[in-house]
Amino acid sequence: MTALGYYPGCSLSGAAREYDLSLRAVAARLETELREIPDWVCCGATSAHAIDHNAAFCLAADALLKAHRAGLQQVLAPCAMCFSRLATATQELRRNSSLARQVALSLGGEAPRLAQVQAINLLTWLEGFPAGVLEKHVVRPLKGLKVACYYGCLLLRPPRVTGAVQVEAPRKMEAIVARLGAQAVRWSMATECCGAGFSLTDKTVVLRQGRRIYGAARAAGADLMVLACPMCHSNLDMRQSEFAAGEAPLPVLYLTQLIGLAWGLSREELGLRGHFVPVEPEFSAALARG
Amino acid sequence: MPTPKPNSAALPLAELIAQATGTSVLHCYQCGRCAAGCPQNQPGAMEISPTRVMRLLQLEAAFADDPARANEFARRALQSPTPWLCLGCQACTTRCPQGVDIAGAMDVLREQALQRDLAAKDRRSGDIRTFHQQFLAKALRRGRIEELPLILRYKLVRGHWRQDAALGPAMLRRGKLKLKNSHSADTRQVLKAIDDSRRSPRGGP
Ligand code: SF4
Ligand code: SF4
């Protein structure tokens, strides 16, 4: 068993339960023990940094400090937003701004030490497994399945924070999907914003962006879409009946769920019933077609 | 909500942005790349593009010897709905050939607009602002966000009761909403850190 720090964030304990479930199921098979950061506090998401720089930094630094105290140098933050907030705070600590120094002191740590804690996202974690490891669990190869890999914004941008090398035409998720036997389609909207947190405040933006993303995935011949962000999932799954009313449903899965399907994990274990756009029968039909 | 930082209103916005982001809007050469890739820079959304916002900030700095003019440019940036309509998608910051953190500048503009009581008054900007404020207040109070109470409180304050009325039950059925607040975390340590951080001015990059 390898131990890895785990920052689930609020979404994975609420609306994105299935992401947490499927991640835990996949981690167990990869012999990774997810060690939740004790008493972690919300990262503040978009709203904190949108209106209060100090609060945003302090919230994220608090998580880094708690990880450090628990002896966790690497922290998996499966939510792209949480990942972005933690990684941004690490950048500020590295920059050693006076805010960083002062907050570290106030939290009872030192900026350079806190800066050693590294937040990683789902893709970075998964691609760390050598060839053969993801593959050996596959019992239902996804041969012929056409998958649109959707990154959205914060897994990649800005590269100064995420460390991503290929930002405009990324291939990391495509590589993982290929290891399951599926075929990643080439399409134009992989890194376009889904409308983020505007679902409640200005839904027209989410519907407009969702429509464009859905349309591009369909045009590229995708059977389904995979992603690694609860916000993107909610916008593209829950809102799909509005921006693609009466059209062919495009199931939207967390990458961990697609991995689980290839590994033959049960629908319960993967939380597939929590979706608005049903995964079945589309998934089996697409596999049969392929 | 944020207590004012000492003297922040006296500094030009470009300076506050440099402190917060470690990058300078003065390096912008108006190529328009940020605006070109911005998902919100389109009819019905942003009226002033991110590129033009950068120019306003430069003009404020350029007119340092003429405070009345400088102030006028700053106000135009601060009162614009643009920062509220910004999704924080980071496309601009990623693509700027001059290394300007435009998305980070939008953060500073929102914060300063609130502190100086200049934030855009239109309904949409107000909705977005209220949501951010309620979200942050809740994160700091309870340490965890749960969707249902957050949504209900937002709707209560902004009066959008009918929008998405059917979604609540559908989310409940899928286990995506919980009726009770069941999560919380101790926020005393983080609240103290925020408090301490406000006592001294933010230092340079
Ligand atoms: S991309 Fe950079 S240099 Fe070009 S207009 Fe925008 S801020 Fe200025
Ligand atoms: S971060 Fe904001 S301003 Fe920049 S491209 Fe995205 S929506 Fe536009």
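These figures come from a predicted structure and were not determined experimentally. (Residues numbered from 1 in each chain as written. Chains lettered and ligands numbered in written order. Predicted model: local features only at pLDDT ≥ 70, side-chain atom pairs only at ≥ 80, totals over all residues. Heavy atoms only, no water.)

## Things to note about the overall build of chain B
The test is simple: Each helix is a run of DSSP H or I of at least 4 residues and each strand a run of E of at least 2, with the numbering of both proceeding from the N terminus. Only protein chains enter the accessibility calculation, which uses a 1.4 Å probe. A residue is then buried if its area is under 20% of the maximum for its type, exposed if over 50%, and partly exposed in between. Should any heavy atoms of two residues lie within 4.5 Å, those residues are considered in contact. We get accessible surface area from the Shrake-Rupley algorithm with a probe of 1.4 Å; when it comes to residues, only the shown protein chains can shield them. When charges are counted, Lys and Arg are positive and Asp and Glu negative, with His and the chain ends excluded. Think of each charge as sitting on NZ of Lys, CZ of Arg, CG of Asp or CD of Glu.
Within chain B, the secondary structure is distributed over 11 helices and zero strands. Shown N-terminal to C-terminal, the secondary structure of chain B runs as helices and strands in the order α-α-α-α-α-α-α-α-α-α-α. Each of the 205 residues in chain B was classed as buried or not, and the buried ones make up 55%. When contacts within chain B are restricted to residue pairs at least 6 apart in sequence, long-range pairs at least 24 apart make up 70% of them. Working note: accessible area of chain B is about 9500 Å², and carbon and sulfur atoms make up 53% of it. Within chain B, one finds 32 positive and 18 negative side-chain charges whose respective centroids are separated by 8 Å.

## Topic: unusual backbone geometry
Residues and elements named next belong to chain A. Residues Arg157 and Pro158 are joined by a peptide bond in cis, for which omega reads -15 degrees. Examined against the element boundaries, Pro158 turns out to sit in the loop between β5 (146-149) and α10 (159-162). For the bond running from Glu280 to Pro281, omega is 10 degrees, close enough to zero to count as cis. Looking at the element boundaries, Pro281 is found in the loop between α16 (267-270) and α17 (282-289).

## Some thoughts on the state of the cysteines
What counts is decided by this rule: Disulfide: a pair of cysteine sulfur atoms within 2.5 Å of each other.
The final tally for this structure, using the stated rule, is zero disulfides over all chains. Cys82 of chain A supplies the cysteine sulfur nearest to Cys79 of chain A, a cysteine that is in no disulfide, at a spacing of 3.8 Å.

## Re the site of ligand 2
So the rule is basically this: By convention in these notes, a residue is near a molecule or strand provided one of its non-hydrogen atoms lies within 4 Å of it. We call Asp, Glu, Lys and Arg charged. Ala, Val, Leu, Ile, Met, Phe, Trp, Tyr, Cys and Pro are nonpolar, and the rest, Gly among them, are polar.
Taken together, Cys38, Pro39, Pro50, Cys86, Leu87, Gly88, Cys89, Gln90, Cys92 and Ala103 of chain B are the residues near ligand 2. When its residues are assigned to classes, the shell around ligand 2 shows eight nonpolar, two polar and no charged.

## So, the side chain of Thr46 of chain A
Relative to the elements of secondary structure, Thr46 of chain A occurs in helix α3 (residues 45-51). The class for Thr46 of chain A is buried, based on a relative accessible area of 15%. Setting aside its immediate chain neighbours within four residues, Thr46 of chain A contacts Met81 of chain A together with His132 of chain B.

## Comments concerning the packing of helix α6 (residues 98-107) of chain A against helix α11 (residues 188-199) of chain B
Just so we agree on the cut-off: Interaxial angle, 0 to 180 degrees, is taken between N-to-C directions of lines fitted to C-alpha atoms, where a helix line uses only the stretch in contact. Put simply, angles under 35 degrees are roughly parallel, angles over 145 are roughly antiparallel, angles from 65 to 115 are roughly perpendicular, and the rest are oblique. Take the far helix as your reference; a near helix turned counterclockwise from it by less than a right angle gives a left-handed crossing, and one turned clockwise gives a right-handed crossing.
Across the interface, α6 of chain A lies against α11 of chain B with an axial gap of 9 Å and an inter-helix angle of 140 degrees. Looking at the two axes, α6 of chain A sits oblique to α11 of chain B. The two elements α6 of chain A and α11 of chain B cross, and the hand of that crossing is right-handed. On α11 of chain B, the residues that touch Leu99, Gln102, Val103, Ser106 and Leu107 of chain A of α6 of chain A are Gln189, Lys192, Ala193, Asp196 and Ser197 of chain B. Grouping the amino acids of the contact of α6 of chain A with α11 of chain B by side-chain chemistry returns four nonpolar, four polar and two charged.

## A look at the environment of Ala62 of chain B
All names here are of chain B. Checked against the element boundaries, Ala62 lands in helix α3 (residues 50-62). For Ala62, a relative accessible area of 56% corresponds to the exposed category. C-alpha of Ala62 to C-alpha of Ala193: the two residues are 131 residues apart in sequence and 35 Å apart in space.

## Regarding the nonpolar core
Note that soluble globular proteins tend to have their nonpolar side chains buried in a common cluster. Test applied: Buried Ala, Val, Leu, Ile, Met, Phe, Trp, Tyr and Cys residues form a nonpolar core when they are joined through side-chain atoms within 4.5 Å.
In this structure, Trp125, Leu145, Trp187, Met225, Val226, Leu255 and Leu258 of chain A are the most contacted members of the largest nonpolar core, which totals 186 residues. Excluding residues that lie within four positions of it along the chain, Trp187 of chain A makes contacts with Ala148, Cys149, Tyr150, Ile213, Ala216, Ala217, Ala220 and Met225 of chain A.

## Quick word on the site of ligand 1
Residues and elements named next belong to chain B. Among the 13 residues in the neighbourhood of ligand 1, the closest are listed as Cys28, Cys31, Gly32, Cys34 and Cys96. Those elements that place two or more of their residues in the shell around ligand 1 are α2 (33-36) and α3. Grouping the amino acids of the shell around ligand 1 by side-chain chemistry returns eight nonpolar, four polar and one charged.

## Here's the deal with helix α9 (residues 147-158) of chain B
In plain terms, the rule: Given the number of residues in a helix, its expected span is that number minus one, multiplied by 1.5 Å. Taken from the helix axis, the directions to the C-beta atoms give the arc we talk about.
Here α9 of chain B contains 12 residues, and its C-alpha end-to-end distance of 16 Å stays within 8% of the 16 Å for a straight helix at 1.5 Å per residue. Residues of α9 of chain B that are buried: Glu147, Leu148, Leu150, Ile151, Tyr154, Lys155 and Arg158 of chain B. Each buried residue of α9 of chain B lies within a common arc of 165 degrees when the element is viewed along its axis, so the set occupies one face. Those residues of α9 of chain B that are buried lie in contact with α1 (9-13) of chain A together with α8 (123-142) of chain B. Gly159 of chain B lies just past α9 of chain B and shows a positive phi near 75 degrees.

## Describing the interface of chain B and chain A
Note the cut-off: Put simply, buried area is the surface a 1.4 Å probe can reach on two separate parts but cannot reach once they are joined, added for both. In the sections that follow, a salt bridge refers to a side-chain nitrogen of Lys or Arg positioned within 4 Å of a carboxyl oxygen of Asp or Glu. What qualifies as a polar contact is a pair of N or O atoms within 3.5 Å, subject to a donor-acceptor requirement within protein and to the restriction that residues adjacent in sequence count only when both atoms come from side chains.
Tallying the contact residues gives 70 residues for chain B and 67 residues for chain A. When the two sides are added together, the surface that chain B and chain A hide from each other amounts to roughly 5600 Å², 56% of it contributed by carbon and sulfur. For the pair chain B and chain A, the number of links is six salt bridges. Across the salt bridge formed by Glu168 of chain A and Arg95 of chain B, the nearest N and O atoms sit 2.8 Å from each other. Across the chain B-chain A interface, the total number found is 20 residue pairs in polar contact (both at pLDDT 80 or more). When its residues are assigned to classes, the side of chain B that touches chain A shows 29 nonpolar, 21 polar and 20 charged.

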